[in-house]
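# Fold and geometry: a report
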Amino acid sequence: MKDINKHSSPKNITIGDIAKELGLSKTTISRAISGKGRIGAETRQRVHKYILEHNYRPNLVAKGLAQSKTYNIGVILPADANLTEIPFFQSCLMGICDAAASMDYDVLVTTVTDDDISLLQRLIDNQKVDGVVLTRSLVHDLPAQYLKEVGIPFVLIGTSEDEDIVQIDSNHEAGCCELTTLVLKSGCERVALLAGNQNHMVNRSRYRGYVKAFLDTGIEIDNNLVHLNLNNNILIQKAVNGILDNGADCILCSDDFICSKVLAHLEEMNIAIPDRVKVASFYNSNNLENHTPPITALNISIKELGVTAGKHLIKIISGETTSRKSLVNYEIVLKKSTS
DNA sequence: GTCAGTCAAAGTAAAGCGGA
DNA sequence: TCCGCTTTACTTTGACTGAC
């Protein structure tokens, strides 16, 4: 028997040490700890007494080996997230980490772009994780398609038309419809929408909510006031100029990135909010909360999205059934920008 | 047949060991 | 010294053994 301590740091007590000390096999110790399999009550008590006295902690690598599990979950972030999106993904990640830690899992993070999922494939090929949380939903969702093909458990933070995918989201369509209706009923007659990339499912849901509010209130949409796929500042500024020329009295922004660019452009043009034009966002953030005047926005607990996603994923990994779609509550926070 | 316990195998990095 | 093979570490679990 070689001396394994010769080249290593002080080692933790193992199941083998306990077996040797108590004159039992490693199997018997394992069964006494797990409660699975037949074992005498007195033996079980002896083992439990010993592990309590010696602060035994199972080796998760070996446990994973025996169960063909890694006790890791992967979190996939978009590599092309812009600066204003980072707080969203950070809060998601914190929620996922909390959920994972509470269920004895660790988290590995990697990134994908819309058309390059090689880092996700590497994570799966190398068997680094038992399951995956996708933090962005796309219309043509390459990561989701890939994970379905290879049969790895995963959940999606967002919405998908694929009914096989477990989805964690807020009801964006209902929230945006509610906020748009509030604005329409407050007396605004020319309510514009500036929305982002329509390849992102969330932006489609927000657009549907805007349209539904007009249908419900019986007001016709003026397409001159609707601009989609605003992916950069130049497009946003052009859109703002266009809707102001078309008499917009309220600007609804599909997210805080667009909203912050709109606010900056309005300030440059010395256009007063809310006196000349009202502004609201379908997604809230610290940037908007700290703006003068404060901006009316839809509020969602992003960390709760992450916690829910993490818990659902680990349930699926453990073989438990879970609901296909979970919705996290939203609230409309009315501020001076629409008063 | 039942009960209580043991054996062996799973994956893989790192260390040990023998021969060239 | 280098190369390549063997052993070890770690836990779980189905199959197996021995006593009654």
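Residues numbered from 1 in each chain as written. Chains lettered and ligands numbered in written order. Predicted model: local features only at pLDDT ≥ 70, side-chain atom pairs only at ≥ 80, totals over all residues. Heavy atoms only, no water.

### Focus: the domain arrangement of chain A
Assigned domains of chain A: these are domain 1 (15–58), domain 2 (72–170 + 302–328) and domain 3 (172–300 + 333–338). In this structure, domain 1 and domain 2 have C-alpha centres spaced 37 Å apart. (Domains from an automatic or database assignment.)

### Describing the sheet that holds strand β12 (residues 330–333)
Taken in spatial order, the 6 strands line up as β7-β6-β8-β9-β10-β12 in an open sheet, and their pairing is mixed. Taken across any chain shown, the strands that pair with only one partner, and hence form the sheet edges, are β7 (226–227) and β12. Docked against the sheet, helix α10 (residues 233–245) engages β6 (191–194), β7 and β8 (250–253), running at close to 165 degrees with respect to β6. (Pairing = 2+ DSSP bridges. Helix = DSSP H or I, 4+ residues; strand = E, 2+ residues; numbered from the N terminus. Contact = heavy atoms within 4.5 Å. Axes fitted to C-alpha atoms, helices over the stretch in contact; angles between N-to-C directions.)

### A word on the layout of surface pockets
Empty space left among the atoms is revealed by rolling a probe the size of a water molecule over them. Of the volumes computed, that of the largest pocket is approximately 880 Å³. Where the lining of the largest pocket is concerned, the elements lending two or more residues are α1 (15–22), α2 (26–34) and α4 (60–67). A class-by-class count of the residues in the lining of the largest pocket yields 9 nonpolar, 7 polar and 5 charged. As a volume, the second largest pocket reaches approximately 620 Å³. E85, R136, H200, V202 and D255 are, among the 30 residues lining the second largest pocket, the residues nearest its centre. Of all the elements in the fold, those that place two or more residues in the lining of the second largest pocket are α5 (86–102), α9 (201–217), α11 (256–268) and α13 (302–317). Its residues placed into classes, the lining of the second largest pocket shows 11 nonpolar, 11 polar and 8 charged. When residues of the lining of the second largest pocket are assigned to domains, at least three map to each of domain 2 (72–170 + 302–328) and domain 3 (172–300 + 333–338). (1 Å grid on protein atoms, 1.4 Å probe; cavity = no way out; pocket = protein on both sides within 12 Å on 5 of 7 lines; lining within 4 Å. Points joined across faces, edges and corners; volume = space filled by probe spheres on them. Nonpolar A, V, L, I, M, F, W, Y, C, P; charged D, E, K, R; others polar.)

### As for the pattern of salt bridges
What the rule picks out here adds up to 7 salt bridges. For D80, the salt bridge is made with R136, and the minimal N-O distance between the two is 3.1 Å. Here R136 lies in the loop between β3 (131–134) and α7 (142–150) and D80 lies in the loop between β1 (72–78) and α5, a separation of 56 residues in the sequence. Its relative accessible area of 42% is what places D80 among the partly exposed residues. One salt bridge connects D222 with R190, and the closest N-O pair in it is separated by 2.7 Å. Of the two residues, D222 sits in the loop between α9 and β7 while R190 sits in the loop between α8 (172–185) and β6, which places them 32 residues apart along the sequence. Here R190 falls in the partly exposed class, since its relative accessible area comes to 26%. Where salt bridges share partners, they join K148, D162 and D164 into one cluster. (Salt bridge = Lys/Arg side-chain N within 4 Å of Asp/Glu carboxyl O. Buried < 20%, exposed > 50% of the residue type's maximum accessible area, 1.4 Å probe, protein only.)

### Quick word on the sheet that holds strand β2 (residues 106–112)
Hydrogen bonds between backbone atoms are what pair the strands of a sheet, whose relative direction is either parallel or antiparallel. Across the sheet, 6 strands lie side by side as β2-β1-β3-β4-β5-β11; this open sheet has parallel pairing. Edge strands, defined here as strands with exactly one partner in the open sheet, are β2 and β11 (325–328). For this sheet the average axis-to-axis angle between neighbouring strands, irrespective of direction, equals 20 degrees. α5 rests against β1, β2, β3 and β4 (154–157) of the sheet, and its axis sits at about 175 degrees to β1. Relative to β4, α13 is tilted by about 165 degrees, and along the sheet it contacts β1, β3, β4, β5 (166–170) and β11.

### Observations regarding the packing of α1 against helix α3 (residues 41–53)
Across the interface, α1 lies against α3 with an axial gap of 11 Å and an inter-helix angle of 120 degrees. Compared by their axis directions, α1 and α3 come out oblique. Note that α1 runs across α3; the crossing there is right-handed. Contact residues: α1 offers I18, E21 and L22, while α3 offers R46, V47, Y50 and I51. Classifying every residue of the contact of α1 with α3 by side-chain character gives 5 nonpolar, no polar and 2 charged. (Parallel < 35°, antiparallel > 145°, perpendicular 65-115°, else oblique. Left-handed = near helix turned anticlockwise from the far one by under 90°.)

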